Amino acid sequence: PTNQFALEQAIPTQAHMSLAKLADEGYLSYVATCNIDGLHRRSGVQPARLGELYGNVFLETCPKCRAEYLRDYDVAMHRNRAALAELADVHATGRQCTTPGCDGMLRDTLVRNEETLAEPVITRALQEALQAEVVFCLGSNLESSPFCELPVAAKERGAQLIIVGPERTMLDGVADVRLRMSPDRFAEMLMKSLGKAIPKFALRKPIWIGNTHEMVTPEKGFDTENRHKWTVFVRGDNNSPLNFIDRVEFRLAPSFDPALIVLEEPPFELTRVGRGPFEVLITIHLTHNFRRGSLTFRHMLLFQDIGEQKCVQIDLTGV
């Protein structure tokens, strides 16, 4: 992907899913990547077995307690601008750590131009390379330093070097095996030879559908009792951006004029005053990236206490 929107919609390939399964079953001890797309984490590779040398656009961390927050949006692109006014740190996202007793300000993990790689990350990757018996280089031109130095260090310690990819690399001449094919094709062949199925990836996005509520009193400018002020909404989990939604339609009871309201940009929230309860038909139209045009949900407006909400998992895999 070449832009931020496409990056957030990217899903792991056959190669990503195969590596995750092989790492989970102990065939692979470590996965090092110079990509920042977060696809290895998304595929299921555990953080303890993964070295994201240049960071992860979806990950922010707390420098005080070391807590990690893996988002489904680009944390650098979606900073809390209001909270950044007093922060000079270019990595600050403006969000605060939610670990009890910690008030640290979160930072992105990206390595920018002229910055050095995080020492613990590159040190661990080098240690794993020096202990490896076999090193697979998949889909990389091996031109990025110090990433390209890892297979060299492993080779010098006696490891077998297998390079897979359609492009020429600077290490082709020293590879023990050189396969000019796509990483996905190689993964299919490898998993077949091991008698293992490649797991299917499921892209699920949690959203919250619900309504808030308060009683309207004459003191607030209304002369009719037994009326309710409510807001029906579609929100991201932890208020994360809903970049996969193009627009949301709210169809109210026929007594409302208009009864159909279309919101084409966030926040996808509609506030009205009226009697109830009644059912609201909510149609979520996805962006053009997804073949399924829309999803429809029914929400019963509840006027008990402050309202009600529920979390819905939207499966976007192949839609």
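Calculation notes
Residues numbered from 1 in each chain as written. Predicted model: local features only at pLDDT ≥ 70, side-chain atom pairs only at ≥ 80, totals over all residues. Heavy atoms only, no water. Helix = DSSP H or I, 4+ residues; strand = E, 2+ residues; numbered from the N terminus. Expected span 1.5 Å × (residues − 1). Buried < 20%, exposed > 50% of the residue type's maximum accessible area, 1.4 Å probe, protein only. Arc of directions from axis to C-beta. Pairing = 2+ DSSP bridges. Axes fitted to C-alpha atoms, helices over the stretch in contact; angles between N-to-C directions. Parallel < 35°, antiparallel > 145°, perpendicular 65-115°, else oblique. Left-handed = near helix turned anticlockwise from the far one by under 90°. Contact = heavy atoms within 4.5 Å. Nonpolar A, V, L, I, M, F, W, Y, C, P; charged D, E, K, R; others polar. Phe/Tyr/Trp six-rings, centres within 6.5 Å; stacked < 30°, edge-to-face > 60°. Lys NZ or Arg CZ within 6 Å of the ring centre and 35° of its normal.

Participant: Could you give me a rundown of helix H4 (residues 119-131), with the residues and numbers involved?
Facilitator: Between the first and last C-alpha of H4 there are 18 Å, a value that for 13 residues agrees with the 18 Å anticipated at 1.5 Å per step. Every buried residue of H4 is listed here: Ile122, Ala125, Glu128 and Ala129. Angularly, the buried residues of H4 cover 125 degrees about the axis, an arc narrow enough to put them on a single face. In H4, the exposed positions angled more than 90 degrees off the buried face are occupied by Glu119, Pro120 and Gln131.

Participant: Residue-level account of the sheet that holds strand E13 (residues 260-263), with values.
Facilitator: Pairing is antiparallel across the open sheet formed by four strands, whose spatial order is E13-E12-E15-E16. With partners counted over all chains shown, the strands left at the sheet margins are E13 and strand E16 (294-300), one partner each. For this sheet, the mean angle separating the axes of adjacent strands, direction not counted, is 20 degrees. One ladder, built from six bridges, connects strand E12 (residues 245-251) with strand E15 (residues 279-286); its direction is antiparallel. Residue pairing for E15: arginine 251 is matched across the bridge by leucine 281.

Participant: I'd like to hear about the side chain of histidine 40, residue by residue, with values.
Facilitator: Residue position: histidine 40 is located in helix H3 (residues 39-43). Take histidine 40: its relative accessible area is 9%, and that puts it in the buried class.

Participant: I'd love a proper account of the packing of helix H2 (residues 14-24) against helix H6 (residues 183-193), names of residues and values included.
Facilitator: Any two packed helices are characterised by how steeply their axes cross, that is the angle between the axes, and by the distance between the axes. Packing of H2 against H6 leaves a shortest axis separation of 8 Å and a crossing angle of 40 degrees. Taken together, the axes of H2 and H6 lie oblique to each other. In this structure, the crossing between H2 and H6 has a hand that is left-handed. Seen from H2, the contacting residues are Gln14, Ala15, Ser18, Lys21 and Leu22; seen from H6, they are Pro183, Asp184, Ala187, Glu188, Leu190 and Met191. Taken together, the residues of the contact of H2 with H6 break down into six nonpolar, two polar and three charged.

Participant: Any chance you could break down the packing of aromatic side chains for me, citing the residues and the numbers?
Facilitator: Applying the stated rule across the entire model yields four aromatic pairs. Pairing phenylalanine 256 with phenylalanine 278 gives two aromatic rings, centres 5.4 Å apart and planes at 45 degrees, and the pair type is tilted. Here the residue phenylalanine 256 occupies a position in the loop between E12 and E13, and phenylalanine 278 occupies one in the loop between strand E14 (268-274) and E15, the gap between them amounting to 22 residues. Classification of phenylalanine 256 by relative accessible area gives buried; the value is 14%. Taking the relative accessible area as the measure of exposure, phenylalanine 278 reaches 10% and is therefore buried. A connected cluster of aromatic rings, assembled from ring pairs, spans Trp230, Phe256 and Phe278. In this structure, arginine 42 is placed above the aromatic ring of phenylalanine 58, and the distance from its NZ or CZ to the ring centre is 4.9 Å. The ring of phenylalanine 233 carries the charged tip of arginine 235 above its face, separated from the ring centre by 3.7 Å.

Participant: With reference to specific residues and values, describe the sheet that holds strand E8 (residues 160-164).
Facilitator: A sheet is described by the order of its strands in space; here three strands give the open sequence E7-E8-E9, paired in parallel fashion. Of all the strands in the sheet, the pair left with one neighbour each is strand E7 (134-138) and strand E9 (177-179). For this sheet, the mean inter-axis angle between neighbouring strands, taken without regard to orientation, is 10 degrees. Relative to E9, E8 is paired through three bridges, and the arrangement is parallel. Of the residues in E9, the one forming a bridge with isoleucine 162 is valine 177.

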